Amino acid sequence: MRPPLDAAAHRSPADDTEVELALAGDLDMVATFNLEPKVDRLLAETSVRRLTLNLADVGFIDSAGVGALVSIRERTEHLGVELILANVPAPVHRVLEITGTRSS
């Protein structure tokens, strides 16, 4: 059994409009049930203008994970929040390229 996805939010000490969400583990269907509500709570804070998803420690992504990233991208665009995918590991990058969801 793989470890569950961990998602730790960090605000920039210099600018509280920037939030980084560091993900660690597998971005699969189970993880999306926890990730999307967490992102929704962060986006509900009106001060957030940039959301960085740090994927450095994501080892696996499935179709539900891709769907979650697409959904998060759509919500951030609607709210005028910049979304950045940072430190994307090669296997995850490849899945995002194949599915046409790699935007940043």
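Above this text you will find the structure in question.
Residues numbered from 1 in each chain as written. Predicted model: local features only at pLDDT ≥ 70, side-chain atom pairs only at ≥ 80, totals over all residues. Heavy atoms only, no water.

**Some details on unusual backbone geometry**
Stage number 1. Its identity as a non-glycine residue notwithstanding, Asn87 has a phi of 55°, on the positive side.
Stage number 2. Relative to the helices and strands, Asn87 resides in the loop between strand 4 (82–86) and helix 3 (90–99). (Helix = DSSP H or I, 4+ residues; strand = E, 2+ residues; numbered from the N terminus.)

**Overview of the sheet that holds strand 3 (residues 50–61)**
Stage number 1. Read from one edge to the other, the open sheet built from four strands follows the order 1-2-3-4, with strand pairing classed as mixed. A strand with exactly one partner marks an edge of an open sheet, and here the two such strands are strand 1 (6–11) and strand 4. Put simply, the sheet's adjacent strands are angled 20° from each other on average, direction ignored.
Stage number 2. As paired strands, strand 3 and strand 4 are joined by five bridges and run parallel to one another. Bridging from a neighbouring strand, Leu51 pairs with Leu83 of strand 4.
Stage number 3. Contacting strand 1, strand 2 (18–27) and strand 3, helix 1 (residues 29–44) crosses the sheet at an angle of about 175° to strand 2.
Stage number 4. The sheet strands contacting helix 2 (residues 63–79) are strand 2, strand 3 and strand 4, and the helix crosses strand 3 at an angle near 175°. (Pairing = 2+ DSSP bridges. Axes fitted to C-alpha atoms, helices over the stretch in contact; angles between N-to-C directions. Contact = heavy atoms within 4.5 Å.)

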